[in-house]
Amino acid sequence: KKERTLAMIKPDAVTKVGDIIQMIYDASLIVTKAKMTKLTGKQAADFYMEHQSKSFFNNLVQFVSSGPIIVMELMGDEAVSVWRKVLGPTDSGVARKDVPASLRVQFGTDGTKNAGHGSDSLASAARELEFFFPSTTGHGPTNTA
Ligand code: CMP
């Protein structure tokens, strides 16, 4: 089933964007939207609000707002699960022995500095895509000329 998902390249891996886009195409997904941006702490907390009660929340928000990120809309068959498989296990350190070819092993370090993010469900993908690529008119620059 054709799906869309949100992929984020976190601050520790933005210099690897070339290799990462190659991995996306190798997984038979395509990039249909992309931008580089930088989140404020507040925006990062908003994006990760489902984790606000977790012990790692402050680390996560601090890290993801510490530098530029690249966000992409990916499209393809089973895009949500395929992209998460490319990422590999959440903790780059744990993933090292299990899934050595995964993106998080190649470009991440540990549970916080883990190179990338992918939506965990179709519902999350819809919310996260709307967060970074709002569809409602009136959010972008307005032509007044
Ligand atoms: P991500 O896919 O962006 O979604 C939630 C993030 O929380 C996850 O990647 C990790 O970066 C972070 N995370 C999850 N579990 C832990 C943990 N035990 N310690 C630190 N960070 C975590």
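The chain has the name Nucleoside diphosphate kinase homolog 7 in an unreviewed UniProt entry, where Ictalurus furcatus is given as its organism.

Quick word on the site of the ligand
The local shell around the ligand consists of His51, Phe56, Asn59, Leu60, Thr90, Gly111, Thr112, Asn114 and His117. The class makeup of the residues in the shell around the ligand is 2 nonpolar, 7 polar and no charged.

Some words on the UniProt feature "binding site: ATP" (unreviewed entry) in the chain
UniProt feature "binding site: ATP" (unreviewed entry): in the numbering of this structure it lies at Lys10, Phe56, Arg84, Thr90, Arg104 and Asn114. Looking at where Arg84 falls in the secondary structure, it is placed in helix H4 (residues 79-87). For Arg84, a count of 20 C-beta atoms within 10 Å gives the class buried. Turning to its location among the elements, Arg104 is positioned in helix H6 (residues 103-107). Overall, Arg104 belongs to the buried group, with 28 C-beta atoms counted inside 10 Å. Apart from the residues within four sequence positions on either side, Arg104 is in contact with Leu87, Gly88, Pro89, Ser92, Ala95, Asn114, Ala115 and Gly116.

Rules used in this analysis
Residues numbered from 1 in each chain as written. Predicted model: local features only at pLDDT ≥ 70, side-chain atom pairs only at ≥ 80, totals over all residues. Near = placed C-beta within 6 Å. Nonpolar A, V, L, I, M, F, W, Y, C, P; charged D, E, K, R; others polar. UniProt positions renumbered as here; feature names shortened; annotations may be inferred. Helix = DSSP H or I, 4+ residues; strand = E, 2+ residues; numbered from the N terminus. Buried ≥ 20, exposed ≤ 12 C-beta atoms within 10 Å, placed from the backbone. Contact = placed C-beta atoms within 7 Å.

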